[in-house]
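Architecture at a glance
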Amino acid sequence: MIYLKKANLEDAEKEYELAQKIPASENDYENKAYGVSYDDFVSEVIPRWLDRDKGVNLEEGHVPDTYYFLWVDDTPVGIFKLRHYLNDWLRDNAGHVGYGIAKEYRGHGYATEGLKLIMKEARKLPIDTDELYLSVLKDNPASLKVQLKNGAKVVREDDAYYYTGIPL
């Protein structure tokens, strides 16, 4: 069974193990939990994520977002971040969703299923548009394929990125 679960302290050990398998920056996904100690993960990272979900203690220019782990049975395989709404910078750049799948779990359709599940979560939020916006590096065709399989259309591009919209 494939499902999303919000980041939480009860699953911290398994969440931490996965977070250490996804590099700090790969394919434009920023994993700020990579390389931190387990103690810091539990005492700082997860509480910060839980605050962000509530819109508490946000850095300047940031919006509320929720961190989810994508689970296959009892194993987390990826991390998804869903921004609750967009500011001007996010609307023109990163979009609503960021995600990373640990290398050992790629090629099994997990990112495609995870994005489908994130779309369901997005429908529960008062998102300020009828589409989810995402960005993908042009040298990451696998991620573009994940988005297209979920109904994305390329709405614009620049030298480095495709920017896509997925109807909600």
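This report concerns the structure included in the present document.

Calculation notes
Residues numbered from 1 in each chain as written. Predicted model: local features only at pLDDT ≥ 70, side-chain atom pairs only at ≥ 80, totals over all residues. Heavy atoms only, no water. Core = buried A, V, L, I, M, F, W, Y, C linked by side-chain atoms within 4.5 Å. Buried < 20%, exposed > 50% of the residue type's maximum accessible area, 1.4 Å probe, protein only. Helix = DSSP H or I, 4+ residues; strand = E, 2+ residues; numbered from the N terminus. Contact = heavy atoms within 4.5 Å. Pairing = 2+ DSSP bridges. Axes fitted to C-alpha atoms, helices over the stretch in contact; angles between N-to-C directions. Polar contact = N/O pair within 3.5 Å; in protein donor to acceptor, adjacent residues only side chain to side chain. Expected span 1.5 Å × (residues − 1).

Let's talk about the nonpolar core
One recurring pattern in soluble globular proteins: nonpolar side chains tend to sit buried together. Grouped together as the largest cluster of nonpolar side chains are 41 residues, with contacts concentrated most on Phe 41, Phe 80, Val 97 and Leu 132. Mapped onto this core, the elements with two or more residues apiece are helix 1 (12-19), helix 2 (38-54), strand 4 (65-72), strand 5 (75-83), strand 6 (97-101), helix 4 (110-123) and strand 7 (131-137). With seven residues, helix 4 is the largest single contributor of residues to this core. Non-local contacts of Val 97, meaning those with residues more than four positions away in its chain, are made with Phe 80, Lys 81, Leu 82, Arg 83, Leu 115, Ile 118, Leu 132, Tyr 133 and Leu 134.

Some thoughts on the environment of Gly 35
Along the chain, Gly 35 turns up in the loop between strand 3 (29-30) and helix 2. When its relative accessible area of 58% is taken as the criterion, Gly 35 is described as exposed. Between the alpha carbons of Gly 35 and Val 97 there is a distance of 22 Å; along the sequence they are 62 residues apart.

Quick notes on the sheet that holds strand 8 (residues 153-157)
Spatially, the three strands line up as an open sheet ordered 7-9-8, and their pairing is antiparallel. If you trace the sheet from one side to the other, it starts and ends with strand 7 and strand 8, each paired once. Within this sheet the neighbouring strands show an average axis-to-axis angle of 30 degrees, counted without direction. Examined bridge by bridge, strand 8 and strand 9 (residues 161-167) share four bridges and lie antiparallel to one another. The residue bridging Val 154 from the neighbouring strand is Thr 164, located in strand 9. Contacts from helix 4 reach strand 7 and strand 9 within the one sheet, and its direction differs from that of strand 7 by about 145 degrees. Contacts between helix 5 (residues 141-149) and the sheet are confined to strand 7, strand 8 and strand 9, with strand 7 contributing the most and set at about 165 degrees to the helix.

Observations concerning the pairing of strand 4
The element strand 4 is extensively covered by neighbouring structure, given that eight of its eight residues are classed as buried. Of the two faces of strand 4, the one carrying Asp 65, Tyr 67, Phe 69 and Trp 71 and the one carrying Thr 66, Tyr 68, Leu 70 and Val 72 are both buried. Where strand 1 (residues 2-6) meets strand 4, five bridges bridge the pair, whose relative direction is antiparallel. Residue pairing for strand 4: Leu 4 is matched across the bridge by Leu 70. Pairing of strand 4 with strand 5, which is carried by eight bridges, proceeds in the antiparallel orientation. Looking at strand 5, one finds that Trp 71 is bridged to Pro 76.

Points about the side chain of Asn 31
The residue Asn 31 is located in the loop between strand 3 and helix 2 in this model. Judged by its relative accessible area of 3%, Asn 31 falls in the buried class. A polar contact of 3.1 Å, which involves the side chain of Asn 31, links it to the backbone nitrogen of Ala 33. Those residues in contact with Asn 31 that sit more than four places away from it in its chain are Ala 19, Ile 22, Pro 23, Ala 24 and Ile 79.

Considerations on the environment of Trp 89
Position of Trp 89 among the secondary structure elements: in helix 3 (residues 88-92). On the basis of relative accessible area, Trp 89 is assigned to the exposed category, the value being 56%. A C-alpha to C-alpha distance of 25 Å links Trp 89 and Pro 47, two positions 42 residues apart in sequence.

Concerning helix 4
Think of an α-helix as turning once every 3.6 residues; residues three or four places apart then point the same way. A rise of 1.5 Å per residue sets the reference length of helix 4, with its 14 residues, at 20 Å; its end C-alpha atoms lie 20 Å apart and thus fit the reference within 8%. Counting buried positions along helix 4 yields 10 of 14 residues, so the element is predominantly enclosed. Buried residues of helix 4: Tyr 110, Ala 111, Thr 112, Gly 114, Leu 115, Leu 117, Ile 118, Met 119, Glu 121 and Ala 122, and no others.

By themselves these figures say nothing about function.
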